Amino acid sequence: MKALQVIKYGDIKDALAFNEVSLPTIEANDVLIEVKAAAINPIDKGIILGNLQALLPLPLPCTSAYDVSGIVVEKGNEVSHFEVGDMVYSRVPQEQMGTLAEFVAVTSVAVSKKPGNISFEEAAGIPLAGLTAMQSLEASGLKKNDRVLIHAGSGGVGSLAIQYAKAQGAYVYTTTSTSNLAWVKELGADRVIDYKTEDYKTIAKDVDIVFDTLGQNHSLEAFEVVKQGGIVTSVVGPLDEATAKMFGMTDYKLPEELAKASRDKGAEYKFIFMHPNGSHLNEMKTMIEDEKIKPIIDKVYTFSESIEAFTHLASGRAKGKIIVKMC
Amino acid sequence: MHLRPEAEEFLYSISKEKTLHKGEVLIRQGQVVKKTFFVTAGCLRSYCIDKNGKEHTLLFAIKDWWISDYIAIHTDELATLTVECLSESKVIEFNAKELDGIHTRFPEFESYQRHNLERHVVSLHKRILNQLQLSAAERYDLFLKQYPDIERHTRNYHIASFLGITQESLSRIRAEKAKK
Ligand SMILES: NC(=O)c1ccc[n+]([C@@H]2O[C@H](COP(=O)([O-])OP(=O)(O)OC[C@H]3O[C@@H](n4cnc5c(N)ncnc54)[C@H](OP(=O)(O)O)[C@@H]3O)[C@@H](O)[C@H]2O)c1
């Protein structure tokens, strides 16, 4: 079968190649999915550039991408929740990475039926970003009437996080640039802050939760806007100590400035690594079918245009998700 | 209908009662179809999935309706429809081929089968004509008349995809109706 593979680390154009590879084999708990569409995420770019070698050492060549929607064409003996012919979507686990291919084998616990009211292309854009939004906001203890600042409301994660938070009854501040203001407002955000012309720190004050999808100065600044006793949840800032331990970094310490800011505000700093989870995707399916969440697609590329799709992603200007359709 | 004991016995031999839970799939697109179902309680739905992966609802079956993939049964092709149970339901499952041929052994079924088929054709023709000439709001009104308390069982996107409109349009129609 055809697959888009990372052949070496480095510049997108040199690092990726279309290869002929063998069909994945399935274990007892796996389903084999015929890929209809895949989505790409910043982590895929990180892998290509070699930035994640320390955390995720991968034998090269390896097939790229984690997000998939498609049809179950084969299932292992122990799979009971899916049948051949089911339309599904998934964020595949690390060990099974490689959705930019004609087929991918996925452990069935990471798979869910896809929402029936959206296309394969729309569904492919949901898993990784949607699970990140959902798991991060849940871990932040988000509840009705909470005031939450979600950075990069026009990004893959942000656009879903806004809708998830609104569905829980929160008041949402979000940041984006001028050209995205109108459509991000339509997602339901209560106050869309134009980071080109406004200073979000003077607008979102004393919020219950900051969801940091930008990192760098934003992780530390979050403690200027979070309320006393609030929570800052990041998916890009420094690891927190518990997460670092999980990766075997036993003497890791949170950077001192961040630790101090967190102490001063009595506000917790959390780092979230999203994890694949079929039942979370199933919850998201219901929210999508009930129109609480709608997928936002920037552009759909064909498989042969995948490398351009990565160049687009690398611009950092994606408006929602970047999708690759297989046929 | 009065049945001879042999006819009744034969009917039992090709059927069985089933209780279904919500979400159960009776027929799956791409599979061979051998069964047809008579609904005695609850609600089922048949739909097709287009090449983009979106669902289009063909039919809702409530009490006293038949449901299956009749295209597959009568053309000996694989299912193009999926039939799923929308809420806890009871059905009588029949072997479709044997049920179809029942009148050759027991002529008393002939008029019943004919009547059923006529009813089915009438309902299909009405559905097509309505789709061609009525507004979405009028179709929604008719739909509610035809399936009075169906909204207990269905999700919005099921109804929108039956009427051939977007979920946004359905919400708009409902909001307009609520104002009246
Ligand atoms: N830890 C985890 O498990 C996890 C999971 C998923 C994602 N992530 C990380 O989370 C980050 C976001 O992911 P994503 O998929 O949402 O990325 P993305 O879709 O590529 O984000 C692009 C968006 O970011 C916006 N943006 C850029 N700079 C901004 C700024 N200063 N203020 C506000 N918005 C800004 C851009 O809007 P403008 O064009 O208007 O600037 C654009 O719409 C990435 O770094 C990713 O690696 C982590």
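Because the structure is predicted, anything quoted here is derived from the model rather than measured.

Right, let's talk about the pairing of strand β5 (residues 67–75) of chain A for a bit. Residues and elements named next belong to chain A. Bridge analysis of strand β3 (residues 30–40) against β5 gives eight bridges, and the strand direction is antiparallel. Counterpart to Ala39 in the pairing with β5 is Asp67. Of the strand pairs in this sheet, β5 and strand β6 (residues 87–91) are connected by five bridges, and their pairing is antiparallel. Residue pairing across strands places Gly70 opposite Val88, the latter belonging to β6.

Time to look at the confidence of the model for chain B. Looking at chain B, the pLDDT average stands at 94 and 99% of residues meet or exceed 70. Scoring the predicted complex yields pTM 0.94 and, for the interface, ipTM 0.86.

Turning our attention to the site of the ligand. Residues and elements named next belong to chain A. The ligand sits among 24 residues. The nearest are Ser154, Ser177, Tyr195, Arg317 and Ala318. When isolated, the ligand has an accessible area of 940 Å², and the protein chains bury 84% of it. Counting residues per element, the ones that place at least two in the shell around the ligand are α4 (127–139), α5 (156–167) and β10 (171–176). Among the residues forming the shell around the ligand, the class breakdown is 13 nonpolar, 10 polar and one charged. Here the shell around the ligand spans two domains, since at least three of its residues come from each of domain 1 (2–126 + 295–325) and domain 2 (129–271).

As enumerated under the stated definition, the model contains 27 salt bridges over all chains in all. The shortest N-O distance in the salt bridge between A:Asp208 and A:Lys227 comes to 2.6 Å. A residue pair is termed long-range when its members are at least 10 positions apart, and A:Asp208 in strand β12 (residues 207–212) and A:Lys227 in strand β13 (residues 226–234) qualify at 19 residues. By relative accessible area, A:Lys227 is classed as partly exposed at 30%. Between B:Lys179 and B:Glu176 there is a salt bridge, and its shortest N-O distance comes to 3.4 Å. Here the residue B:Lys179 and the residue B:Glu176 both occupy positions in helix α8 (residues 167–179), the gap between them amounting to three residues, near one helical turn. Overall, the relative accessible area of 42% leaves B:Glu176 in the partly exposed class. Put simply, A:Lys285, A:Glu289, A:Asp290 and B:Arg155 are held in one network by salt bridges that share partners.

What follows concerns helix α12 (residues 306–314) of chain A. Listing the buried residues of α12(A) in full gives A:Ser306, A:Ile307, A:Ala309, A:Phe310, A:His312 and A:Leu313. Of the residues one or two after α12(A), A:Gly316 is the one with positive phi, at around 75 degrees.

Further remarks concern the packing of α4(A) against α5(A). Residue and element names in this part refer to chain A. Relative to each other, α4 and α5 sit at 50 degrees, their axes nearing to 8 Å. Taken as axis vectors, α4 and α5 run oblique relative to one another. Of the two possible hands of crossing, α4 and α5 adopt the one that is right-handed. Between α4 and α5, the residues in contact are Ala129, Gly130, Thr132, Ala133, Met134, Leu137 and Glu138 and Gly156, Val157, Leu160, Ala161, Tyr164 and Ala165, respectively. In terms of residue class, the contact of α4 with α5 is built from nine nonpolar, three polar and one charged.

The subject of this paragraph is the sheet that holds strand β4 (residues 62–63) of chain A. All names here are of chain A. Sheet architecture is open: three strands sit in the order β2-β1-β4, paired in antiparallel fashion. With partners counted over all chains shown, the strands left at the sheet margins are β2 (16–20) and β4, one partner each. Taken together, the two bridges between strand β1 (residues 2–6) and β4 define a ladder with antiparallel strand orientation. Bridge pairing links Val6 to Cys62 in β4. Taken strand by strand, α12 contacts β1 and β2, and its axis lies near 150 degrees from that of β2.

This paragraph deals with the packing of α4(A) against helix α11 (residues 278–289) of chain A. The angle between the axes and the distance between the axes are what describe a pair of packed helices. All names here are of chain A. Orientation of α4 relative to α11, taken along the N-to-C sense of each, is 95 degrees, at an axis distance of 10 Å. Classified by the angle between their axes, α4 and α11 sit roughly perpendicular to one another. Facing α4, whose interface residues are Pro127, Gly130, Leu131, Met134, Gln135 and Glu138, α11 presents His280, Leu281, Glu283 and Met284. Among the residues making up the contact of α4 with α11, the classes are represented as five nonpolar, three polar and two charged.

Here is what the cut-offs are and how they apply
Think of each chain on its own: its residues are numbered from 1, step by step along the sequence as written. Written order determines the labels here, with chains lettered from A and ligands numbered from 1. Totals for whole chains, interfaces and linings use every residue, but because this is a predicted model, local features are given only for residues with pLDDT of at least 70 and side-chain atom pairs only at 80 or more, for both listing and counting. The side-chain numbers reported here are obtained from all heavy atoms of the structure, hydrogens and water having been left aside. Pairs of strands are assigned from DSSP output, requiring at least two bridges between the strands. Secondary structure follows DSSP: runs of H or I at least 4 residues long count as helices, runs of E at least 2 residues long count as strands, and numbering of each begins at the N terminus. Along the chain, pLDDT gives the predictor's confidence residue by residue, from 0 to 100. Put simply, a residue is near a molecule or strand once any heavy atom of it comes within 4 Å of that molecule or strand. In short, Shrake-Rupley with a 1.4 Å probe defines the accessible areas, and a residue's cover is counted only from the protein chains shown. Just so you know the grouping, Ala, Val, Leu, Ile, Met, Phe, Trp, Tyr, Cys and Pro go in nonpolar, Asp, Glu, Lys and Arg go in charged, and all remaining residues, Gly too, go in polar. Those domain boundaries reflect an automatic or database domain assignment. Salt bridges are defined by distance alone: a side-chain nitrogen of Lys or Arg within 4 Å of a carboxyl oxygen of Asp or Glu. Per-residue accessibility, obtained with a 1.4 Å probe over protein chains only, is compared with the maximum for each type, and a residue is labelled buried under 20%, exposed over 50%, and partly exposed between these values. Inter-axis angles, ranging from 0 to 180 degrees, are taken between N-to-C directions of lines fitted to C-alpha atoms, where helices are fitted over the stretch in contact. When describing relative orientation, an angle under 35 degrees is termed roughly parallel and one over 145 degrees roughly antiparallel, while 65 to 115 degrees is termed roughly perpendicular and anything else oblique. Working rule for handedness: look at the near helix, and if it is turned counterclockwise from the far one by less than a right angle, call the crossing left-handed; if clockwise, right-handed. Should any heavy atoms of two residues lie within 4.5 Å, those residues are counted as being in contact.

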